[in-house]
Amino acid sequence: MKLKSPGILRAFVGPEDDKKMSARKLARYVDVHPSFIDHLLADRRRSCEPKTANRIAEALGVPVEILFDVQVTITAQRCGKSKTVSLV
């Protein structure tokens, strides 16, 4: 899933008292290396697996759609199109 904006993530993550949690604590919760979170925050990385995105959102207590673009796969799009009803 693609991160919408590093700035949005930084609004929730950081060492400041008004942030929900630190990057290290988030990394431990999500079970990723702290550098992974740092890369997201610094815009050196823009995407991650859906499971990781969901864990990040869960840890921060926000819907995943706030932080990440939820992408529909081509397969899911095709499945949706194949369910059209014929009126013949």
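What counts, and at which threshold
Residues numbered from 1 in each chain as written. Predicted model: local features only at pLDDT ≥ 70, side-chain atom pairs only at ≥ 80, totals over all residues. Heavy atoms only, no water. Helix = DSSP H or I, 4+ residues; strand = E, 2+ residues; numbered from the N terminus. Buried < 20%, exposed > 50% of the residue type's maximum accessible area, 1.4 Å probe, protein only. Contact = heavy atoms within 4.5 Å. Salt bridge = Lys/Arg side-chain N within 4 Å of Asp/Glu carboxyl O. Arc of directions from axis to C-beta.

K.L.:
Could you clarify how one ought to interpret the overall build of the chain in this entry?
P.N.:
The helix and strand tally for the chain stands at six helices and two strands. Listing every helix and strand of the chain by position from the N terminus yields β-α-α-α-α-α-β-α. The 88 residues of the chain split such that 31% are buried. The contacts in the chain between residues at least 6 apart in sequence include a share of 57% that link residues at least 24 apart.

K.L.:
Explanation requested: the pattern of salt bridges in the structure shown.
P.N.:
One side chain can pair with another of opposite charge once the charged atoms of both are near each other. Considering all chains together, one arrives at two salt bridges under this definition. A salt bridge links Asp 43 to Arg 46; the nearest nitrogen and oxygen atoms lie 3.2 Å apart. Given the relative accessible area of 30%, Arg 46 is considered partly exposed. Of the charged contacts, one joins Arg 55 and Glu 58 as a salt bridge, the two residues approaching to 3.7 Å between their closest N and O atoms.

K.L.:
For this particular structure, what's the right way to read the environment of Leu 26?
P.N.:
Looking at the element boundaries, Leu 26 is found in helix α2 (residues 23–30). Using a relative accessible area of 0% as the deciding quantity, one classes Leu 26 as buried. Leaving out residues up to four positions away in the same chain, Leu 26 has contacts with Val 13, Met 21, Ile 37, Ile 56, Ala 59 and Leu 60.

K.L.:
I tried to follow helix α4 (residues 50–60) on my own but got confused; where do I start?
P.N.:
What sets the pattern is the α-helix's 3.6 residues per turn: residues three or four places apart point alike. All of the buried residues in α4 are Thr 52, Ala 53, Ile 56, Ala 57, Ala 59 and Leu 60. Seen from one end, α4 has its buried residues packed into an arc of 160°, which puts them on one side.

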